[in-house]
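Structure at a glance
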Amino acid sequence: MEQRSRLFDSVVVGGQLLRNRIVLPPLTRSRATDDGVPTRLMEEYYRQRAGAGLVISEGTVIAPQATAYARVPGLYSAEQVAAWRPVVEAAKRDGAVVYAQLWHVGRQSHSSVQPDGLPPKGPSAVPITGYQYRSPIGRIPYEVPRELTTADIAEIVEAYGTAARNAVRAGFDGVELHAANGYLIDQFLNDGSNRRTDRYGGSLENRTRFLHDVIAEMAHYLPAERIGVRLSPSSDWMDAHDSDKRLLYSTVVRQLNGLGLAYLHLVEPEIAGSTTVDRPADSIPTAELAGIFDGVVIVTGGHDQASGERLLADGTADLVGFGRLFIANPDLPHRFLIQAPLEPLRHAGIYGGGPEGYIDYPSLATSGS
Ligand SMILES: Cc1cc2nc3c(=O)[nH]c(=O)nc-3n(C[C@H](O)[C@H](O)[C@H](O)COP(=O)(O)O)c2cc1C
């Protein structure tokens, strides 16, 4: 029997009404300028994908030191804020609510892209050894990161606040804090990368302190109900190792209850960064963590229309993100609605380059099919 689609039910997130439960999740595409300034190409890309109920920007760095790769946009300069405005407007053209994903990569960066030419900083001097850095000349080992001082930490927390303020100025409705995929906040959470002995390391209370400092700082510039948090609780991608992930992430989710956040965004266990892998042995069922959270839950990772509907029907998720499907199908919600076939993802042009593989995927309305 045909089930009623829930993906097209409206939902309230952060006090705003979304006309569907389809999310464009954060997708780095490396089409900003070398200075991290958004481009006209990005405007077109987001305009094409404006059918989502919620559009989350690609990872957007809070400071020049926060990046790992070229042509990732930022939200730390006036020029960037001004250039984001038309992009955000384009994403809102059909009524989507638009959030900026705020990003600091920590030890996943490299001296070649650091402003001072020195190795990046992280919670502790523990390098990533299970993976290699994607440099312009090929894969090279990660460096031993420099340990952040408490003054450095205070500076980064402040930069998150400034970036949140800038996001509001650029027209974003809210921000998503990137606390997933082994980036800086996740590096503080996991005891494999956080060996600190000060108030930012050791106990769970201490390892989660940085996350809470950042949320509190951002909440000076926009209401907590406009702040979402993204976690990848089961992923050990980029050496995100912890001695007890279930305890760690269930604690984090419990702590987030009561802050009145916009949403919790959970990445499914079979996702390693941007690819699908086998579920890690110690993976935590998404439904288990979603069940702990009091507010709106977004789930992303490996889903299609049918599995997305199931997540909504069984109550695991309130909204569902579709990453790779949205890259290849700019009019994904429309295709879901009319049960149209989907375009396959092409490898060329995923990261960097020009329009090819970026804004040249057809929409049904424009392709005339
Ligand atoms: C090209 C590409 C870029 C991505 N960039 C980001 C990013 O900037 N921030 C982030 O949190 N996740 C990023 N992801 C992960 C996606 O948000 C999503 O979790 C992942 O693709 C799994 O969902 P899917 O199976 O629907 O594609 C990226 C994924 C891809 C394929």
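Higher on the page you've got the structure.
Our subject in this report is the structure included herewith. Here the structure is a predicted model, which is why all the values come from computation and not from measurement.

Conventions adopted
Residues numbered from 1 in each chain as written. Predicted model: local features only at pLDDT ≥ 70, side-chain atom pairs only at ≥ 80, totals over all residues. Heavy atoms only, no water. Axes fitted to C-alpha atoms, helices over the stretch in contact; angles between N-to-C directions. Helix = DSSP H or I, 4+ residues; strand = E, 2+ residues; numbered from the N terminus. Parallel < 35°, antiparallel > 145°, perpendicular 65-115°, else oblique. Left-handed = near helix turned anticlockwise from the far one by under 90°. Contact = heavy atoms within 4.5 Å. Near = heavy atom within 4 Å. Polar contact = N/O pair within 3.5 Å; in protein donor to acceptor, adjacent residues only side chain to side chain. 1 Å grid on protein atoms, 1.4 Å probe; cavity = no way out; pocket = protein on both sides within 12 Å on 5 of 7 lines; lining within 4 Å. Sits in = over half its atoms within 2 Å of the grid points. Points joined across faces, edges and corners; volume = space filled by probe spheres on them. Pairing = 2+ DSSP bridges. Nonpolar A, V, L, I, M, F, W, Y, C, P; charged D, E, K, R; others polar. Buried < 20%, exposed > 50% of the residue type's maximum accessible area, 1.4 Å probe, protein only. Right-handed = clockwise from strand over helix to strand, strands pointing away.

1. Quick look at the packing of helix α6 (residues 209-218) against helix α7 (residues 245-256)
For any two helices packed against each other, one specifies the inter-axial angle together with the distance between the axes. Put simply, α6 and α7 touch, their axes get as near as 12 Å, and they point 25° apart. Between α6 and α7, the angle falls in the class roughly parallel. α7 is crossed by α6, and the crossing has right-handed handedness. Here L211, H212 and I215 of α6 lie close against α7, whose contacting residues are V252, Q255 and L256.

2. Considerations on the site of the ligand
Around the ligand lies a shell of 21 residues, among which T28, R230, G302, G323 and R324 are the nearest. In this structure, R230 approaches the ligand through a side-chain N or O atom, which is 2.6 Å from an oxygen atom. Under a 2 Å grid-point criterion requiring more than half of the atoms, the pocket assigned to the ligand is the largest pocket.

3. Quick notes on empty space enclosed by the protein
Using the criterion set out here, one finds one cavity of 30 Å³ or more in the structure. Each pocket or cavity is described by its volume, and for the largest cavity that value is around 30 Å³. For the lining of the largest cavity, the elements supplying multiple residues, two or more each, are β4 (54-61) and α2 (78-91). Counting residues per element, the lining of the largest cavity draws most heavily on α2, at four residues.

4. Some words on the pairing of strand β8 (residues 138-141)
Pairing geometry for strand β7 (residues 132-135) and β8, over four bridges, is antiparallel. Its bridge partner being in β8, R134 is matched across the sheet by R139. In textbook terms, the turn of a hairpin is the stretch between consecutive antiparallel strands, and for β7 and β8 this stretch comprises two residues.

5. Concerning the sheet that holds strand β15 (residues 297-300)
The eight strands are arranged β3-β4-β5-β10-β11-β12-β15-β16 in a closed barrel whose pairing can be described as parallel. Averaged over all pairs of adjacent strands, the angle between strand axes in this sheet comes to 25°, irrespective of strand direction. Alignment of β4 against strand β5 (residues 97-103), held across six bridges, turns out to be parallel. For I56, the partnering residue across the bridge sits in β5 and is Y99. Along the sheet, α2 contacts β4 and β5; its crossing angle with β4, the most-contacted strand, is approximately 155°. The strands that α7 touches are β11 (227-231) and β12 (263-267); relative to β11, the one it contacts most, it runs at about 175°.

6. Topic: the packing of helix α3 (residues 150-169) against α6
Direction vectors running N to C along α3 and α6 enclose 40°, while the axes themselves pass 8 Å from each other. Considering their axes alone, α3 and α6 lie oblique with respect to each other. Here α3 runs over α6; the crossing is right-handed. The segment α3 lies against α6, with I153, I156, V157, E158, Y160, G161 and A164 engaging F210, D213, V214, E217 and M218. For the contact of α3 with α6, the per-class residue count stands at eight nonpolar, one polar and three charged.

7. Description of the pairing of β5
When you tally the buried positions in β5, you get seven out of seven residues, the bulk of the element. Where burial is concerned, the two faces of β5 agree: the one with V97, Y99, Q101 and W103 and the one with V98, A100 and L102 are both buried. With α2 bridging β4 and the parallel β5, this β-α-β connection has right-handed handedness. Looking at chain direction, β5 and strand β10 (residues 174-178) are connected through four bridges and run parallel. The residue of β10 that forms the bridge with Q101 is E176.

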